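Spelled out from the first residue to the last, the chains are:
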Amino acid sequence: MDKREELIKIFSKDIRTILKQLSADFEQVQEIRLRIHAPLLMIYNNHEYYITPEGNLSKRAEEAYMVSRQELKETLEYMSNYSLYAFEEEIKQGFITIQGGHRIGIAGKTIADEHGIRSMKFISFINVRLSHQVRGCASMVLPYLYSGGEIQHTLIISPPRCGKTTLLRDIIRQVSNGTGPEPGLTVGVIDERSEIGACYQGIPQNELGIRTDILDCCPKVQGMMMLIRTMSPRVIAVDEIGSREDLEAIEYVMNCGCKLIATVHGSSIEDIKQKPVLRKMVMERWFERYIILNNRGKVGNVDQIYDSRGTKLYPVGVECI
Amino acid sequence: MNLQFVLKFTGAILIIAGSAGYGYSLAARYGQRLRELEQLRQMIFLLKGQITYASAPLQEAFEVVGDRTEGALSRLFGRVAGRIEAQQGEAFYRIWQEEVAGSEQDGLAMEQSDRQVLGELGEHLGFLDKEMQERNLLLYLEQLDLRIGDLRAHKTERCRIYSSLGIMGGLFLTILLV
């Protein structure tokens, strides 16, 4: 089943018909957005378009197809395979992962109690984010991550939507499979929001390598401890660190002799030094490599690679994704 | 004269046998309906377990429960799982209603009223949260228990009535005709 068919199935009947007529290349589709009583939108090749009832992409709002409440309800039913209850935990976090690794962000009225968000009702906004793996996007940076034949503790620093998870995913895949002279290593991935492996019913939809174990939807702190005790990984990979609890768990990982590859939101080392928790990690030189991404020109542009002392290892910004 | 007697006698035997057979088949159907409702009760319990404890989506839950059991109800669950998987863009309620209605041809002995209540179960399946799923299934189980209790309480007398009425009806018809 190709990407288009796999994806079209999750929409209501009318939207299906429109998307079937669409001549766009689904490999270039990044997002499809549905909001009640609002136009059907598509982010295609980094540009936003309205989708017309005839199945064309348009820049004119008046030509757009308007999404109704019923269609949104139907879409929710189909994307969850008529089983919204089975995604209770994911809904609390605001997303559902479907077959193919695509993530569906949802927003509506949240129901909260003293333990936090309990559920969500009147879901009125849906953002279908298409998963794109870019195999080989880490090839350019990988040689910098090894020193003396050993992988280094690495932190990927990047503003949102600059491809940090995509880069992390490919680093995991290549470290796990082995690359060039470097043998493959056992990698443990704690995939708190199902973004890295995009597991659907426990099976990763993205390729993460042959020596990779994934704890899906698991809180990072507990997950890191658990994986070390149970799966004896050589490398631990996590996405979006930053809380005080993460700090303790990371310290534990590093003291266990495991190598850590993590990502964090930020634009430079200076930027993350402003955050108290991360500042400690940088000042005490926990990480041995920093990869800074930006989206100058193109998503996934590697801006710089530094070592723990802040020495530049990567002289010019080279597009790698 | 002799031939006429033989014909009458054979006719009478056939009428009595047919009528008694009909009576017995009604009694057997009553028993089968009771067994089906008992099996359905067990299947709904399994379904509830799949949904509430294993957090299985409906397709998986129906498939697992269908695989663990046998007969027309098992096939019904299997067909529903298949149609969910096909994702043809139909509401679950419609899929469920159609399959429940169609299961009569598949040898299901349940009565129209049983099928109607079972069909209504599909109205609330799937969309709400787990707690509501559980309550919905428990409510159906309660209704099912009442039906089963009622059928069990009257099983002996009903089966006796069906079979004896079958024979008596046959005899009566024979006397009328002869």
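Residues numbered from 1 in each chain as written. Chains lettered and ligands numbered in written order. Predicted model: local features only at pLDDT ≥ 70, side-chain atom pairs only at ≥ 80, totals over all residues. Heavy atoms only, no water.

Our next topic: the overall build of chain B. The number of helices and strands found in chain B is seven helices and zero strands. Secondary structure elements in chain B, listed N-terminal to C-terminal, are α-α-α-α-α-α-α. For chain B, the C-alpha radius of gyration of 22 Å lies well beyond 16 Å, the compact-globule estimate for 178 residues. For chain B, the spread of C-alpha atoms along the principal axes amounts to about 75 × 35 × 25 Å. (Helix = DSSP H or I, 4+ residues; strand = E, 2+ residues; numbered from the N terminus. Rg over C-alpha atoms; globule rule 2.2 N^0.38 Å.)

Each partner contributes to the interface: chain A provides 15 residues, whereas chain B provides 23 residues. In this assembly, chain A packs against chain B so that about 1700 Å² is buried in total across both faces, 52% of it on carbon and sulfur atoms. Three residues, Asn81, Tyr82 and Tyr85 of chain A, lead the burial of chain A against chain B; their summed loss comes to 42% of the area buried on that side. Our count for the contact surface shared by chain A and chain B stands at one salt bridge. The closest approach of N and O atoms between Glu88 of chain A and Lys130 of chain B, which form a salt bridge, is 3.8 Å. Our count for the contact surface shared by chain A and chain B stands at five residue pairs in polar contact (both at pLDDT 80 or more). The set of elements that each furnish at least two residues to the side of chain A that touches chain B consists of helix H2 (13-21) and helix H3 (69-79) of chain A. Top contributing element to the side of chain A that touches chain B by residue count: H3 of chain A, with four residues. By residue class, the composition of the side of chain A that touches chain B is six nonpolar, three polar and six charged. (Contact = heavy atoms within 4.5 Å. Buried area = accessible area lost by both parts, 1.4 Å probe. Salt bridge = Lys/Arg side-chain N within 4 Å of Asp/Glu carboxyl O. Polar contact = N/O pair within 3.5 Å; in protein donor to acceptor, adjacent residues only side chain to side chain. Nonpolar A, V, L, I, M, F, W, Y, C, P; charged D, E, K, R; others polar.)

Another aspect to go through is the pairing of strand S17 (residues 289-294) of chain A. All names here are of chain A. Among the six residues in S17, six count as buried, and that is most of the element. Of the two faces of S17, the one holding Arg289, Ile291 and Leu293 and the one holding Tyr290, Ile292 and Asn294 are both buried throughout. Strand direction decides the pairing type here: strand S10 (residues 154-158) and S17, joined by four bridges, are parallel. Opposite Ile156, over in S17, you have Ile291 as the bridge partner. Two strands pair when backbone bridges link them, and S17 and strand S18 (residues 301-307) are joined in this way by six bridges, in the antiparallel orientation. Each residue of the ladder has a partner; that of Arg289, found in S18, is Asp307. (Buried < 20%, exposed > 50% of the residue type's maximum accessible area, 1.4 Å probe, protein only. Pairing = 2+ DSSP bridges.)

Residue and element names in this part refer to chain A. Among the five residues that make up strand S11 (residues 187-191), five are buried, leaving the element largely enclosed by the rest of the structure. In S11, alternate side chains face the same way, and those of Val187, Val189 and Asp191 on one face and Gly188 and Ile190 on the other are all buried. For S11 and strand S14 (residues 212-216), the ladder comprises five bridges, and the chain directions are parallel. Bridging across to S14, Asp191 finds its partner in Asp216. Pairing geometry for S11 and strand S15 (residues 235-238), over four bridges, is parallel. Note that in S15 the partner of Val189 across the bridge is Ala237.

This part takes up unusual backbone geometry. Residue and element names in this part refer to chain A. Even without glycine at this site, Phe122 takes up a positive phi of about 45°. By the element assignment, Phe122 lies in strand S7 (residues 116-129). Although it is not a glycine, Ser232 adopts a positive phi angle of roughly 35°.

All names here are of chain A. One can read the domain layout of chain A as domain 1 (3-129) and domain 2 (142-319). For domain 1 versus domain 2, the separation of C-alpha centres amounts to 30 Å. Contacts between the two partners involve 12 residues from domain 1, matched on the other side by 10 residues from domain 2. In total, about 950 Å² of surface goes out of reach between domain 1 and domain 2, with carbon and sulfur atoms giving 49% of it. (Domains from an automatic or database assignment.)

Residue and element names in this part refer to chain A. Read from one edge of the open sheet, seven strands run S4-S3-S2-S1-S7-S6-S5, paired in antiparallel fashion. The open sheet has two free edges, formed respectively by strand S4 (57-58) and strand S5 (95-97), since each of these has just one partner strand. Sheet contacts for H3: strand S1 (29-35), strand S6 (103-113) and S7; angle to S7, the most-contacted strand, approximately 100°. (Axes fitted to C-alpha atoms, helices over the stretch in contact; angles between N-to-C directions.)

Right, let's get into the nonpolar core. In terms of nonpolar packing, the biggest core is built from 78 residues, with Ile32 of chain A together with Phe62 of chain B touching the most fellow members. No other element matches the nine residues that helix H1 (residues 2-52) of chain B contributes to this core. Leave out the neighbours within four places in its chain, and Ile32 of chain A touches Leu7, Phe11, Leu19, Leu40, Leu41, Met42, Ile126, Asn127 and Val128 of chain A. Membership of the second largest hydrophobic core comes to 32 residues, among which are Ala249, Ile250, Leu260 and Val277 of chain A. (Core = buried A, V, L, I, M, F, W, Y, C linked by side-chain atoms within 4.5 Å.)

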